[in-house]
Amino acid sequence: LYTNSTISDDVVALVLAGPIDYSRHENQFDSFGAPPPVVMSQSYAFATSVAAMALSLTRAGITPKQILLATDAGELVAFDKRLFDPRRPHVHPTKMSAADREEGLVPYSPPLGAI
């Protein structure tokens with residue numbers, strides 16, 4: 001039983017209200033009018049295989065953190081932690097909001113670069 005009205009969740013009130021009139025607009029559901037889904041994860045593409053991954057740490061903890069990747073070729077690559085921020089906007093860099101720029105967010109892009 002789906003209703004998009006102000007009827008309470010009380011079972012007695014639902015029974016006493018009678019059948020639901022689906023011709024009324026508030027009792028109809030339109031899948032095309034629903035808001036778009038929210039992305040809960042992001043994936044990244046890297047040109048070589050990754051053997052290990054870690055986060056940089058400092059004694060005082062005041063320097064910017066970096067993601068350290070060790071490749072199978074024996075190379076060590078450091079990425080800024082902001083590149084992996086889940087709040088990164090999915091827009092072109094010229095269309096970023098002022099609030100996103102002020103926070104230092106970087107636009108999302110799946111490729112991380114090649115070695």
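Preceding block: the structure.
Only a predicted model underlies this, so the values are computations on that prediction, with no experimental measurement involved.

Caption draft 1: Region of the structure containing the overall build of the chain. Of the regular secondary structure elements, the chain holds 2 helices and 3 strands. Moving toward the C terminus, one meets the helices and strands of the chain in the order α-β-β-β-α. When the 115 residues of the chain are sorted by exposure, 15% land in the buried category. A fraction of 30% describes how many contacts in the chain between residues 6 or more apart in sequence connect residues 24 or more apart. Carbon together with sulfur atoms contributes 60% to the accessible area of the chain, which is approximately 9,100 Å² in total.

Caption draft 2: Quick look at the pattern of salt bridges. Inspection of the entire model under this criterion finds 3 salt bridges. Between Arg82 and Asp80 there is a salt bridge whose closest N-O contact spans 2.8 Å. On the accessibility criterion, Arg82 (44% relative accessible area) is partly exposed. Among the salt bridges present, the one from Arg87 reaches Asp85, with a minimum N-O distance of 3.2 Å. Linked through salt bridges whose partners overlap, the residues forming this network are Asp85, Arg87 and Glu103.

Calculation criteria
- Residues numbered from 1 in each chain as written.
- Predicted model: local features only at pLDDT ≥ 70, side-chain atom pairs only at ≥ 80, totals over all residues.
- Heavy atoms only, no water.
- Helix = DSSP H or I, 4+ residues; strand = E, 2+ residues; numbered from the N terminus.
- Buried < 20%, exposed > 50% of the residue type's maximum accessible area, 1.4 Å probe, protein only.
- Contact = heavy atoms within 4.5 Å.
- Areas by Shrake-Rupley, 256 points an atom, 1.4 Å probe, with all protein chains shown as cover.
- Salt bridge = Lys/Arg side-chain N within 4 Å of Asp/Glu carboxyl O.

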